[in-house]
Amino acid sequence: MRIAVHGAGGFTGRLTVAEVRRRGFTPVLVGRNEERLRRSAAAAGAWDAEVRVAGLAEGEALAAAFADCAAVINCAGPFTVLGQPVVRAALAARTHYLDTAGEEGFIREVLDGFHEEAVRAGVAVVPAMTDDGAPGDLIARLVAERVSAAAGLVPEVAEILVADLRGRGVASRGTARSMVAVSERAASERVVPERVVPEREVLGKDVPGPEMSRRGVVDGGGPSVVDTEEGPVDVEAFALPGAVTVPRHVRVRRVRTVIRAEVAALFAALTPDVVDSVPEIPDEAARAASRWLMLAEATGTGGGRARGWVTGSDAYGMTAVIAVEGARRLAEDGAPAGTLAPAQAFDPAGFLDQLTTHGVTWQVTPA
Ligand SMILES: NC(=O)c1ccc[n+]([C@@H]2O[C@H](COP(=O)([O-])OP(=O)(O)OC[C@H]3O[C@@H](n4cnc5c(N)ncnc54)[C@H](OP(=O)(O)O)[C@@H]3O)[C@@H](O)[C@H]2O)c1
């Protein structure tokens, strides 16, 4: 099975190519720069892999590069700036699409803007297949099911908190560049506060669909501390993918997404000149030693609460594992056509169980 990796010349792209090869599939490296793609193939241990050169402005060439592949994994960020042409090319090629985007605004644009086209093309489009996007969405669904008042397709709860509780760990230059792109776009568009406040109120929708992530908003309040087994952690509101993915499959009045306050301060200090000083590829040993932790807490309409967490190491390596496992599932097991949050495309517990073979642990408990 051929899996196309767009942006394969970058850091996440290279890890994804290596993971495609490790799983026994055939990687096809796609991007704008042949030399970088070949260097990446070699570094990923895929010397003989096929390289297809196509720029973002060459829609037809990009679609042709994807056409005989079972899925495309897009790793070229900032997605806010670069992402949409790749989604369009995958749809033109009728190839399943996944990406490694962590940018909430882009994820919302994909989920809301490409649904009908994806249904017409008969393919699944699943953004946010990263170490935070997928585990955060899957565990949020599982805690929502635990306290839901409604049985059936769409759980119903009063509130969900999704917290990314990793500390100041490793980040690639590509991640830093993406954070800056998000702030620059927010500033240039003079984004109204509710578009950046990562809390969404979902009103009266019974079926999951694009409408559920488009709904309105709310106050910026909420506690600034999350209790964990290791003690209280200071947090700040931050637009994680879960702010848009969770309301796609849970009827919920309020979704709060937060990160550690110290990490929020680090992100806030990022400027274009600082980005250039961030190493392109994070230190290998630091990467292996780093840990990530996604926590979700649901409050039911009757006040009951459930909490769940997912934790693992090496966030970038895990992103590659998650994206490739997602591509395999779309290609081999199938999924409904349309734009889908991770928990709509995949069985949440089954997907998390699969990650345990990579050292991930997860649990859902009454809070
Ligand atoms: N948890 C998360 O949210 C998470 C985890 C992992 C990755 N990510 C995201 O994945 C993205 C990639 O990260 P990274 O560290 O791999 O970055 P990177 O090493 O800088 O790679 C960026 C890729 O984008 C391509 N690219 C840049 N500008 C382009 C353009 N104008 N046209 C076509 N291709 C272009 C680059 O191509 P060249 O090789 O030709 O320069 C390269 O392949 C980032 O947005 C990052 O935030 C998110």
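Residues numbered from 1 in each chain as written. Predicted model: local features only at pLDDT ≥ 70, side-chain atom pairs only at ≥ 80, totals over all residues. Heavy atoms only, no water.

The computed volume of the second largest pocket comes to approximately 340 Å³. Lining the second largest pocket are 16 residues; nearest its centre among them are Thr-228, Glu-229, Glu-230, Leu-293 and Trp-309. Where the lining of the second largest pocket is concerned, the elements lending two or more residues are strand S12 (291-299), strand S13 (305-313) and strand S15 (361-366). Split by residue class, the lining of the second largest pocket holds 6 nonpolar, 4 polar and 6 charged. (1 Å grid on protein atoms, 1.4 Å probe; cavity = no way out; pocket = protein on both sides within 12 Å on 5 of 7 lines; lining within 4 Å. Points joined across faces, edges and corners; volume = space filled by probe spheres on them. Helix = DSSP H or I, 4+ residues; strand = E, 2+ residues; numbered from the N terminus. Nonpolar A, V, L, I, M, F, W, Y, C, P; charged D, E, K, R; others polar.)

Before going further, it helps to spend a moment on the packing of aromatic side chains. Enumeration over the complete set of coordinates arrives at 4 aromatic pairs. When the centroid spacing of 5.5 Å and the interplanar angle of 35° are considered together, the rings of Phe-79 and Phe-106 count as tilted. One end of the pair, Phe-79, is in helix H4 (residues 79-92); the other, Phe-106, is in helix H5 (residues 104-113), with 27 residues separating them in the sequence. The two residues Phe-79 and Phe-106 agree in class, both being buried. (Phe/Tyr/Trp six-rings, centres within 6.5 Å; stacked < 30°, edge-to-face > 60°. Buried < 20%, exposed > 50% of the residue type's maximum accessible area, 1.4 Å probe, protein only.)

The omega torsion across Gly-77 and Pro-78 is 0°, close enough to zero to call that bond cis. You will see that Ala-128, though not glycine, has its phi angle at about 65°, which is positive. Tracing the chain through its elements places Ala-128 in the loop between strand S6 (124-126) and helix H7 (133-147). The phi dihedral of Asp-314 falls on the positive side, at around 45°, and the residue is not glycine. With respect to the secondary-structure elements, Asp-314 resides in the loop between S13 and helix H14 (315-332).

This next bit is on the sheet that holds S6. With parallel pairing, the 7 strands of this open sheet are ordered in space as S3-S2-S1-S4-S5-S6-S14. Among the strands making up the open sheet, the edge pair consists of strand S3 (50-53) and strand S14 (338-339). Across 4 bridges, the pairing between strand S2 (residues 26-31) and S3 is parallel. Residue pairing for S3: Val-28 is matched across the bridge by Glu-50. The sheet contacts of H14 involve strand S1 (2-6), strand S4 (71-74), strand S5 (96-99) and S6, and relative to S5 the element is tilted by about 165°. (Pairing = 2+ DSSP bridges. Contact = heavy atoms within 4.5 Å. Axes fitted to C-alpha atoms, helices over the stretch in contact; angles between N-to-C directions.)

Segmenting the chain into domains produces domain 1 (2-130 + 318-347) and domain 2 (133-314 + 349-366). With 36 residues of domain 1 in contact, the opposing surface of domain 2 contributes 40 residues. Between domain 1 and domain 2 lies a buried interface of about 3200 Å² when both sides are counted; carbon and sulfur atoms form 60% of it. Among the residues of domain 1 in contact with domain 2, Phe-11, Glu-104 and Met-318 are the three that bury the most area, contributing 21% of the side total. (Domains from an automatic or database assignment. Buried area = accessible area lost by both parts, 1.4 Å probe.)

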